[in-house]
Structures are given as C-alpha cells and as structure tokens.
Amino acid sequence: MFSSLRVRNYRLFATGQVVSNVGTWMQRIAQDWLVLVLTDNNPVALGIAAALQFLPTLMLSLWAGVLADRFDKRKMLIGVQAAIAMSALLLGLLDVTGLVQVWHVYLFCFVLGVFTAVEVPTRQSFVVEIVGRDQVTNAVALNSTSFNLARIVGPAIAGVMITLVGTGWLFLGNAVLTVAVIVGLVMMDPAKLLSGPRLQRAKGQLREGLRYVWGRPDLMTVMVLVFFVSTFGMTFFVSLAVVAANVFQRDAAGYGLLSTTLAIGTLCGALLAARRSGQRPRTRRLLLAAFTFGVLEVVAGLMPSYLTFALALVPVGFAVMTFMTTANTTVQLAVSPEMRGRVMGLYMLVFLGGNPVGAPLTGWLASSLGGRSPLLVGGTVAALAAVVCGVVLARRGGVRLPARVRGLRVLRPG
C-alpha cells in the first residue's frame, strides 16, 4: 500500500503535500464562507468565486502542459508554490485588517486560479519522474490519500477556527503551510529524478499534443467522461456550502463537517486504490465508478435531514475517489514520456476547466430550484455520461459490458 514511500524524493514530496493540503482546505472553506458572509448567503456569488478560480484553467492549462514538457518541473513547482503562498498572505492581511470586500476575494480567486492552472499539470506529470512507471499508480493513490486526509483535517479545523477567530487567520495559516511544499522540493536529490528528454522549443507542439489524444480512443473516452462528471457532478465546493447554509441552516462548523464526511469516503477510496495499485486500471472500473457516483449523489440529494445527508456523503466520496484515481492513472500509464506534460495539461483542462460553467450553473440551480437541485442534476448527468460512454465503447469493442445492466440488455459488437 505504501511502496512509493521507499523512494526518498517521494517521501519529501508527499510530506510537503500533506502539510500544504491541510492549509489549502482551510483556505477553501474560509474563502467559501467569507463570500457567503459578504453577500448575505448568496449562492450565485459563491458560484462566481468558484468560476473565477477555475477560469484560468481554460486559458492556461494546455500551455502549462507544454511548459512542463520543456522545463525543469521541480524548479517550476518551487516558483509557483511561492506565488501561491504570497497570494494567501495578501488576502489574509486584507481580511484580518477588516478591509476585505467581495471583489478582493474575486480577484484573489482568479490570481490563485492562474497559479493553480500552471501548478497542477506540472505536479501531476512530475510524479512519474519521482517514482517511475512501475510505482506511478501507487504514488497517485497515495497523493489522493494525503489530499483527502487533509480534506478531513482542514475543514474540521476551519469550521472551528472561523467561529473562534474569523476567516482571515486561515488564509495566513495557509501561506505558512505552503512553505512545507517548497522545503520538500528544495531538499530533493535532482540526480535521482527519472526525467525524460526535454521538449525543445518549436512551433505546433500544443497542436501535436491535441492530435495525439484525438488519435487515441481510450484517452478520448477518459477525457469526455472526466469532463461531464467533474463539471456537473463534482460541484461540492459550491453545493455543500449552499446545502449547509440554505437547506439545513447550519453555520461554518456545519459546513466543515459536511466536507469532512465527504473526505472520509474519498480517503477510504484512495487507500483502497493504493492497496490494489499493482493492478492496471480497467475501463470497466472507470465506467462503473462514474455511474455509481452519479446514483449515490442523487440519493444524497434526497436525504431528509442534516445527519442522513452527512452520512450519505461517505459512499459518495468513496465512489468519486475511485473514479478520479482510475482516470488519472489510466492517462499517466497510457502516454509516452515526451507527451506526458501536454496530455496531463489537457486532462486538467477537462477536469477543472468545466468549473467556470458548472460553478455558476450550480449557484443558479440552487437559487432557482432549491439547494438540493445541484446534487440531483449533477448526479443524473454523471450517471448518464457513464452509460453513454460505456455503450459507445461496447459497440466499438473497446470494453466488454455485462449482458444485462439493471435489466437492460447491452448489445455487443457481433
């Protein structure tokens, strides 16, 4: 389960990620709650903030993948993490001094989104250089484990700290904790990194990466499915805050608890993925995880009480993490080294780039149809996307589905 930790460079990387991710989740909860406080619990404003944070992914993630193939990924990550820490510091100072306004939050959401658009595909493609192809599945699962362990601790701390001292100190805390990632990256031994050949600057490299994915039906299926599930189903950064405040009339601590219960499920899913990391990811598992997630999200949206809703988020988190780790490792193992940065840039584009559409849509649905509607609509879209992708692949011979799925006959080629 923890075989990647035998690699010293990965231990340094993972340790920094655990510490920094706690701060990231503290800031995320604080940011969402600050927007609600400044706008009198307006879900549309919360959707705008989320959209601004993810909008740069649409513009920059593909180019970030090109840069990741061209330059030293470790040095790139050091610079980007320093910029992220500075952004958190400035927003925290505005908040604790009482000067913060909602447009300040919008601005820093966009700035953070710019740095994140560069950081995520670089970090994702850097993992295989740390541990090698044989350990990449395990490393991806352990990254998800640390991320979701922080997702349990961070929101729980944030909910209490917001009540005690307000949101500003959480932004300042994240600025300090981000330094842990920088320290880990600096302490790595560059000679032991398994870096591939650097991409030399030339015209058409971005188009080359897009053509590479377009010519691979297996990668295209993953990209399409990830887009629909993440854009319409994985809207928890908006929907949980709205459900906590507007459906169950809970405070910041109640919102933090919902994020924590969701993270318990995702942590269990990540640990299971790490345990079976010796198995190659299978398309059927990817499709089943997406379908199950969609159904469970709809069920959670129908829960009548705060307690039952919180408990229903545990299996939702398990299903969504199984889907995410399977999709990530499928892409990582399927591409050639010289294409990895560009393909991961495209992967992060479809994974996060739909949020500028999904986040405002989530806010609009919650405002117009009630706080439960984003979960009901998003879960339905995710389940339908899995069914459609499964049928298309079955007809092309790319995957073999059971002869009957819940009573419906699936026709196989021939």
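Please read all numbers here as calculations on a predicted model, not as lab measurements.

The rules behind these values
Per-chain numbering applies: the sequence of each chain, read as written, is numbered from 1 onward. Local features are withheld for residues below a pLDDT of 70 in this predicted model, meaning they are given only at 70 or higher, and side-chain atom pairs are given and counted only at 80 or more; totals for whole chains, interfaces and linings count all residues. Hydrogens and water molecules were not included; the side-chain quantities draw on all heavy atoms of the structure. Where helices and strands are cited, they refer to DSSP runs of H or I of at least four residues and of E of at least two residues respectively, numbered from the N terminus. The atom set for the radius of gyration is the C-alpha atoms, and the globule formula is 2.2 Å times the number of residues raised to the power 0.38. To sort residues, take the accessible area from a 1.4 Å probe on protein chains only and compare it with the maximum for the residue type: under 20% means buried, over 50% means exposed, and anything in between is partly exposed. Should any heavy atoms of two residues lie within 4.5 Å, those residues are counted as being in contact. Positive charges are assigned to Lys and Arg, negative charges to Asp and Glu, while His and the chain termini are left out of the count. Charge coordinates come from a single atom per side chain, which is NZ of Lys, CZ of Arg, CG of Asp or CD of Glu. A helix is expected to span 1.5 Å multiplied by its residue count minus one. Here the axes come from fitting lines to C-alpha atoms, over the contacting stretch only for helices, and the angles between their N-to-C directions go from 0 to 180 degrees. Roughly parallel means an angle under 35 degrees; roughly antiparallel, over 145; roughly perpendicular, 65 to 115; everything else is oblique. For a crossing to be left-handed, the near helix must be turned anticlockwise from the far one by less than a right angle; the clockwise case is right-handed. Ten residue types, Ala, Val, Leu, Ile, Met, Phe, Trp, Tyr, Cys and Pro, are classed as nonpolar, four, Asp, Glu, Lys and Arg, as charged, and the remainder, Gly among them, as polar. The criterion is simple. A nonpolar core is a set of buried Ala, Val, Leu, Ile, Met, Phe, Trp, Tyr and Cys residues joined through side-chain atoms within 4.5 Å. Patch criteria: residues need more than 30% relative accessible area and no salt bridge. Like-charged residues are merged within 9 Å; nonpolar side chains of Val, Leu, Ile, Met, Phe, Trp and Tyr are merged within 5 Å. Surface accessibility follows the Shrake-Rupley procedure with a 1.4 Å probe radius. Residue values consider only the protein chains on display as shielding. Whenever Lys or Arg places a side-chain nitrogen within 4 Å of a carboxyl oxygen from Asp or Glu, that contact is recorded as a salt bridge. How sure the predictor is of each residue is captured by pLDDT, a score from 0 to 100.

*Asks:* A description of the overall build of the protein chain should follow, citing residues and the corresponding values.
*Replies:* In terms of helices and strands, the protein chain carries 16 helices and two strands. The C-alpha atoms of the protein chain give a radius of gyration of 20 Å, which matches the 22 Å a tight globule of 414 residues would have. Each principal axis of the C-alpha distribution contributes one length, and for the protein chain these read about 60 × 55 × 40 Å. The proportion of buried residues among the 414 residues of the protein chain is 57%. Across the protein chain, the fraction of contacts at a sequence separation of at least 24, relative to all contacts at a separation of at least 6, is 85%. Taken as two groups, the 35 positive and 14 negative side-chain charges of the protein chain have centres that lie 11 Å from each other.

*Asks:* Before we move on, can you summarise helix α10 (residues 236–247) with the specific residues and values?
*Replies:* With 12 residues, α10 should cover 16 Å at 1.5 Å per step; its first-to-last C-alpha distance of 15 Å lies more than 12% under that length. In terms of residue burial, α10 counts as a mostly covered element, since 10 of its 12 residues are buried. The set of residues buried in α10 consists of F236, F237, V238, S239, L240, A241, V242, V243, A244 and A245.

*Asks:* Could you give an account of the packing of helix α1 (residues 8–38) against helix α2 (residues 43–70), naming the residues involved and the relevant values?
*Replies:* Interaxial distance between α1 and α2 falls to 8 Å at its minimum, and their mutual angle equals 140 degrees. Considered as vectors, α1 and α2 are oriented oblique to each other. You can see that α1 and α2 cross each other, and the crossing is right-handed. Contacts between α1 and α2 involve R28, Q31, D32, V35 and L36 from the former and A45, L46, A49 and Q53 from the latter. Residues that form the contact of α1 with α2 fall into these classes: five nonpolar, two polar and two charged.

*Asks:* Outline unusual backbone geometry, listing residues and values.
*Replies:* Phi at D40 takes a positive value of approximately 55 degrees, unusual for a residue other than glycine. By secondary structure assignment, the location of D40 is in the loop between α1 and α2. A positive phi angle, near 60 degrees, is found at N41, a position not held by glycine. Within the secondary structure, N41 is located in the loop between α1 and α2.

*Asks:* I'd love a proper account of the packing of α10 against helix α15 (residues 355–369), names of residues and values included.
*Replies:* Between α10 and α15, the least distance of the axes is 9 Å, while the angle of their chain directions is 15 degrees. By the angle between their axes, α10 is roughly parallel relative to α15. For the crossing formed where α10 meets α15, the hand is right-handed. Contacts from F237, V238, S239 and V242 of α10 reach α15 at N355, A359, T362, G363 and A366. Residue composition of the contact of α10 with α15, by class: five nonpolar, four polar and no charged.

*Asks:* Give a detailed account of the nonpolar core, specifying residues and quantitative values.
*Replies:* Among the nonpolar cores identified, the biggest contains 86 residues, and L225, F293, F309 and Y347 are the most heavily contacted of them. Residues within four places of F293 in sequence aside, it is in contact with V229, G233, M234, F236, V316, A319, V320 and A382. L12, F13, F126 and V181 belong to the second largest nonpolar core, which has 15 residues in total.

*Asks:* Kindly report on a nonpolar patch on the surface, identifying the contributing residues and their values.
*Replies:* A surface patch of nonpolar side chains, amounting to about 820 Å² of accessible area, comprises M86, L89, L90, L93, V96, V160, L164, V165 and W169. Mapped onto the nonpolar patch, the elements with two or more residues apiece are α3 (73–96) and α5 (136–165). In terms of residue count, the dominant contributor to the nonpolar patch is α3 (five residues). Topologically, V165 is positioned in helix α5.

*Asks:* So what about the environment of V213? Which residues, and what values?
*Replies:* Mapped onto the elements, V213 comes out in helix α8 (residues 205–214). Note on V213: relative accessible area 1%, which makes it buried. For the pair V213 and G113, spaced 100 residues apart in the sequence, the C-alpha separation amounts to 25 Å. Among residues more than four places away in sequence, those in contact with V213 are L219, M220, M223, V343 and L346.

*Asks:* Could you give an account of the confidence of the model for the protein chain, naming the residues involved and the relevant values?
*Replies:* Chain-level statistics for the protein chain give a pLDDT mean of 82 and a share of 90% at 70 or above. Element-level mean pLDDT values for the protein chain span from 40 in strand β2 (residues 408–409) up to 93 in α3. Contacts from residues 401–414, a stretch scored under 50 in pLDDT, to residues over four places away or in other chains number 24 contacts.

*Asks:* Can you lay out the pattern of salt bridges for me, pointing to particular residues and giving the numbers?
*Replies:* A complete count under the given rule lists two salt bridges for this structure. For E129, the salt bridge identified is with K73, shortest N-O distance 2.7 Å. Pair noted here: E129 is in helix α4 (residues 102–131) and K73 is in helix α3, with a separation of 56 residues, a long-range link. Residue K73 is classed as buried on the basis of its relative accessible area, which comes to 8%. Residue E119 is joined to R123 by a salt bridge in which the shortest nitrogen-to-oxygen separation is 2.6 Å. One end of the pair is E119 and the other is R123, both in helix α4 and four residues apart, which spans about a single turn.

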